[in-house]
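Below are the chains, spelled out letter by letter.
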Amino acid sequence: MRDVGLTVDYDGKRNIAYLNGEAIEYPIGAMMCEYARLSPSELKDTIVKCPMFGETADVDKLSKTFMWLLAQLSEKHGSITSTMIVTEFSSVTADLRTCTEEERSSMIHDISNDEKMKNVKDFILKDTGYSDFGYETVGQLLLVSYMVFATIYTSFKHTFNIFSSEAEIEEDQAMAFWSFYGENFDFQRFTFRIINIDNSFRSIYTIQSSMSLALFEIAHTLDSNTSLVKCKNCGNYFVPARRSDTMYCEYPSPQQSGKTCKEIGAQVTRANKEKNDVTTRQYRKVYMRTKMSARRNPNSSEQLNSLERLTSESKVWRRELADGT
């Protein structure tokens, strides 16, 4: 039986993730960067649209539900993220269905009455037809899994942010983090197999939790001296494919559907600079007015000379404007 989780072929130089029947190559560190782009609040709209939401939960319906959920989330959030979400949801559902009735009731009670998560609970249950968590229907299992996932993902994102941030790490945070590779290694949830593919032995890992993905990627990122870069446009971290001084990622931009940050990042940065920089803004006004005047009067040497003078002297003019002289 295939393990539930993110299956990765790691050879010390890169990862090949087996996703939805495809083998997709990722640079070291790129899988956790992609997962860290998620905003968990975006999941609710997909969850409540599940076609089996109100039906009684059984093995067959849950299997179909998770296949449906994987397909829906893959389209919106990518294969890595959708696989990790379904892995976590499946784990919560399996725990609820395999424990005793007493244990199940205790789990639901604890989840429902966590005061620190009250706002999250209210958000998740709003407009779903349910006033509390349960486990009888597909929808109830999805919603309680969503609640648990919110806590799990927060821990993943906190760990990722500590690692990716350039700020100095507090000693207690560093010690807590390193404990995951020592006395607290039980938090790691992997399976490992050696498989022969095309007459070559490959190391295949199945990553079975969000924290395990972080620990897997962080360890290999440190070993390989891989740099994570914060995109100047969307603000998310990514692993540059080639140059380490790359400023923009190749994920969809938040400003324009169908365009990546790499495609429009420089344009957006320039537009924002002009919007906020009085010197640049004034220069653009004068430049465009002068250029349009020269186009309307192509035979006017005075207009052409004015444009040429403005262009050649712009650096001095802008510096003097910025200096207030």
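Keep in mind that what you see is a predicted model, and the values were worked out from it rather than measured.

Peer 1: Describe the state of the cysteines, naming the residues involved and giving the relevant values.
Peer 2: Scanning the entire structure with this criterion turns up zero disulfides. With no disulfide of its own, Cys249 has Cys234 as its nearest cysteine by sulfur position, at a separation of 3.8 Å. The exposure class assigned to Cys249 is buried, which follows from its relative accessible area of 0%. Note on Cys261: no disulfide assigned, nearest cysteine sulfur contributed by Cys249 at a separation of 3.8 Å. According to the relative accessible area criterion, Cys261 is buried, its value standing at 0%.

Peer 1: With reference to specific residues and values, describe the sheet that holds strand β2 (residues 14–19).
Peer 2: Across the sheet, which stays open at both edges, the five strands sit in the order β3-β2-β1-β5-β4 with antiparallel pairing between neighbours. The sheet terminates laterally at β3 (22–27) and β4 (190–197), the two strands that pair on one side only. Strand-to-strand twist across the sheet, computed as the mean angle between neighbouring axes with direction ignored, equals 30°. As paired strands, β4 and strand β5 (residues 200–207) are joined by eight bridges and run antiparallel to one another.

Peer 1: Break down the side chain of Ser253 for me, citing the residues and quoting the values.
Peer 2: Among the secondary structure elements, Ser253 is positioned in the loop between β7 (237–238) and α10 (261–276). Of the polar contacts made by the side chain of Ser253, one reaches the backbone oxygen of Gln256; its length is 3.1 Å. With residues up to four places along the chain from it excluded, the contact list for Ser253 reads Asn233, Lys259, Thr260, Cys261 and Ile264.

Peer 1: Tell me about the environment of Met84, and name the residues and values.
Peer 2: Among the structural elements, Met84 can be located in helix α4 (residues 79–98). Spatially, the C-alpha atoms of Met84 and Tyr35 are 8.0 Å apart, while their sequence positions differ by 49 residues. Those residues in contact with Met84 that sit more than four places away from it in its chain are Leu6, Tyr35, Ile207, Ser209, Ser210 and Leu213.

Peer 1: Tell me what's going on with the nonpolar core, and back it up with residues and numbers.
Peer 2: In this structure, Leu6, Met31, Phe89, Phe133 and Leu142 are the most contacted members of the largest nonpolar core, which totals 63 residues. Per element, the largest residue contribution to this core is twelve residues, and it comes from helix α7 (residues 138–164). Excluding residues that lie within four positions of it along the chain, Leu142 makes contacts with Ile47, Cys50, Phe53, Thr65, Phe66, Leu69 and Phe89. Within the second largest apolar cluster, six residues are counted, among which are Val229, Tyr248, Cys249 and Cys261.

Parameters and conventions
- Residues numbered from 1 in each chain as written.
- Predicted model: local features only at pLDDT ≥ 70, side-chain atom pairs only at ≥ 80, totals over all residues.
- Heavy atoms only, no water.
- Disulfide = S-S within 2.5 Å.
- Buried < 20%, exposed > 50% of the residue type's maximum accessible area, 1.4 Å probe, protein only.
- Pairing = 2+ DSSP bridges.
- Helix = DSSP H or I, 4+ residues; strand = E, 2+ residues; numbered from the N terminus.
- Axes fitted to C-alpha atoms, helices over the stretch in contact; angles between N-to-C directions.
- Polar contact = N/O pair within 3.5 Å; in protein donor to acceptor, adjacent residues only side chain to side chain.
- Contact = heavy atoms within 4.5 Å.
- Core = buried A, V, L, I, M, F, W, Y, C linked by side-chain atoms within 4.5 Å.

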